[in-house]
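Given next are the chains, with one letter for each unit.
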Amino acid sequence: MPHALVVASNRGPVDFRADPDGTVSYHRGEGGLIAVLTPVLAGGEGVWIAGARTDGDRIVARRAASTAQPTAVDLPDGVVAVRYLDLDPGAYAAYYGTIGTETLWFLHHHLPVAGPDPAWEAAWRDYERVNDEFAAACARAAAPGAAVLLQDYHLALAPSQLRRRRPDVRTAHFTMCPWADLAHFRQLPEHAARSLIHGMLGADLLAFLTPRWARAFLDSCADLGYAVDPARNEVHLPGRTVSVRVYPVGVDVSLLRERAAGGPARAEAARLDEVVAGRTLVARVERMEPAKNAVRGIEAFGELLRARPELVDRVVHYVLAYESRSSLPAYREYAADVAAAVSAVNGRHLTAARPPVVLDPRNNLDRGLAVLARADVLVVNSWRDGMNLVAKEGAAVNARDGVLILSRDAGAADELSPYALTVDPGDVGQLTRALGTALDLPSSRRREWLHGLREASGAMPPRGWLDAVLTDLAALPGRSRTGGADYAGASAGPPYGP
């Protein structure tokens, strides 16, 4: 059945698991994208297309292909229709691991990127292939004139590929992570950089989470010779214009607080109380992800205990960092570094009544909400982040007048910094001082800041965010109907790179 709204992303809202008896079960996935999009697709108003990642996903994909119907999944947010693509495992691994994560994710988060070689070039061809399969699936699923929302760096080529197939649909592409500054973007091979920008400019609307990331994208376009209008945030192509806009996304405060007050979250809160045991709670809740910069956060907490030994038995640092991309060497190394940092701090305080740092690797939404609700201090010191919704989720559910320590390079800092202690994510000393300040902050200031955080975090909930995007997408001038011929982009221009 054709859909008026199609969402496509690398990962779907659930992970399916194949049980030994042949049945298939599922659980809600993690990450900011899922937190944003699941509530707005609940109720069956559109379809979510994603790549099959697990054996269970592939079973569901094959079953759905035989019926030509999406699969309905019942989540706390509501019922969501999903369709998983049974992609070639080898091509998917290259598209997701080599290009998606180790190149584009690392690039946009200003982490070290390996130089290209023949294996990388082969992986780039797989990235092109998988993007094309997503574009084909969207073309099949979209009703005439449908809105198609393509998500993130995984699908940067898909807008142009979809445009060739379905010039009648209106397409928005969302970059949910940062966009690399120009000096970092130039690390890409020229052909890949041109292909990436060319692919994204196949969309009618390009959406970013903060003005900083939108400006960086326009800088990349200008560097490749495209006609950029920075005053109007537009890129002009032969025959049409691509609009580049900013849509900060918030959280549904009422929905999160309702979930945090539910039975599963209360049970997790009771278990958490046993661990905290009356101590002040300094918390972080995130994926086990190098960009999250947990090692420096743990080191800063250790320095705080060294400087103020009276806090050793009075404060606990709870690190909820659930497993992510563990098949990739960089992620395994990072997880080992985090564990070593925890051991180093605890090892210096063997005489303490309880370990001052607790590392919890479980992926459990209700446990995460319990930690955020109980936190006296929430630490978000990412190197860079598109938004970092956990800062907003924490404000929504916190019941302790918790203080937010926030990286200046998280996208959320654009909105939340007036009500937080902002830090340079690379400065352990500054973070140590911020931890001390947060613990000593007067209760009146804590309440005032939490109120400001909560107001800012709920200013644009997911439903309003999507409505704003769809309204703007529908209001854009009519698009060209000529398919792929009218947006060839800059075949020539200034030399690429420094």
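The model shown is predicted, which means the values in this text are computed figures rather than measured ones. (Residues numbered from 1 in each chain as written. Predicted model: local features only at pLDDT ≥ 70, side-chain atom pairs only at ≥ 80, totals over all residues. Heavy atoms only, no water.)

## Section: the pairing of strand β5 (residues 71-75)
Note: β5 against strand β6 (residues 78-85), five bridges, orientation antiparallel. Within β6, the position partnered with alanine 72 by the bridge is alanine 81. (Pairing = 2+ DSSP bridges. Helix = DSSP H or I, 4+ residues; strand = E, 2+ residues; numbered from the N terminus.)

## Structural notes on the sheet that holds strand β13 (residues 280-287)
Strand order in the open sheet made by the six strands is β15-β14-β13-β16-β17-β18, with parallel pairing throughout. Bordering the open sheet on either side are β15 (357-360) and β18 (421-423), each of which pairs with just one other strand. The mean angle between the axes of side-by-side strands here comes to 20°, regardless of whether they run parallel or antiparallel. With two bridges joining them, β13 and strand β16 (residues 377-380) adopt parallel strand pairing. Paired with valine 282 across the two strands is valine 377, which belongs to β16. In this fold helix α11 (residues 294-307) packs onto β13, β14 (315-322) and β15, with an angle of close to 170° to the strand it touches most, β14. Helix α16 (residues 428-440) rests against β13, β14, β16, β17 (403-407) and β18 of the sheet, and its axis sits at about 170° to β18. (Axes fitted to C-alpha atoms, helices over the stretch in contact; angles between N-to-C directions. Contact = heavy atoms within 4.5 Å.)

## So, the side chain of aspartate 223
The residue aspartate 223 is located in helix α8 (residues 211-223) in this model. Given the relative accessible area of 11%, aspartate 223 is considered buried. A distance of 2.7 Å separates a polar atom in the side chain of aspartate 223 from a polar atom in the side chain of arginine 186. (Buried < 20%, exposed > 50% of the residue type's maximum accessible area, 1.4 Å probe, protein only. Polar contact = N/O pair within 3.5 Å; in protein donor to acceptor, adjacent residues only side chain to side chain.)

## Overview of the packing of helix α13 (residues 365-374) against helix α14 (residues 390-397)
The geometry of α13 relative to α14 is characterised by a closest axis approach of 8 Å and an angle of 65° between their N-to-C directions. Classified by the interaxial angle, the pair formed by α13 and α14 is roughly perpendicular. As α13 packs across α14, the resulting crossing turns out to be right-handed. Between α13 and α14, the residues in contact are Leu369, Leu372 and Ala373 and Val390, Glu393, Gly394 and Val397, respectively. Among the residues making up the contact of α13 with α14, the classes are represented as five nonpolar, one polar and one charged. (Parallel < 35°, antiparallel > 145°, perpendicular 65-115°, else oblique. Left-handed = near helix turned anticlockwise from the far one by under 90°. Nonpolar A, V, L, I, M, F, W, Y, C, P; charged D, E, K, R; others polar.)

## Brief notes about the confidence of the model for the chain
In the predicted model, the chain carries a mean pLDDT of 91, and the fraction of residues at 70 or more is 95%. Note that residues 480-498 has pLDDT below 50 and, in this model, 43 contacts with residues that lie over four places away or in other chains. (pLDDT = per-residue confidence, 0-100.)

## Notes on the sheet that holds strand β12 (residues 240-246)
Read from one edge to the other, the open sheet built from 10 strands follows the order β5-β6-β4-β1-β7-β8-β9-β12-β11-β10, with strand pairing classed as mixed. The sheet terminates laterally at β5 and β10 (227-229), the two strands that pair on one side only. Taken pair by pair, the neighbouring strands of this sheet meet at an average axis angle of 25°, ignoring direction. Where strand β4 (residues 47-51) lies against β6, five bridges are found, and the strand directions are parallel. Along β6, the bridge assignment pairs alanine 50 with tyrosine 84. Sheet strands in contact with helix α2 (residues 55-67) are β4, β5 and β6, and its direction is about 90° off that of β6. Packed on one face of the sheet, helix α18 (residues 462-475) meets β1 (3-9), β7 (142-151), β8 (170-175), β9 (205-208) and β12 and runs near 135° to β8.

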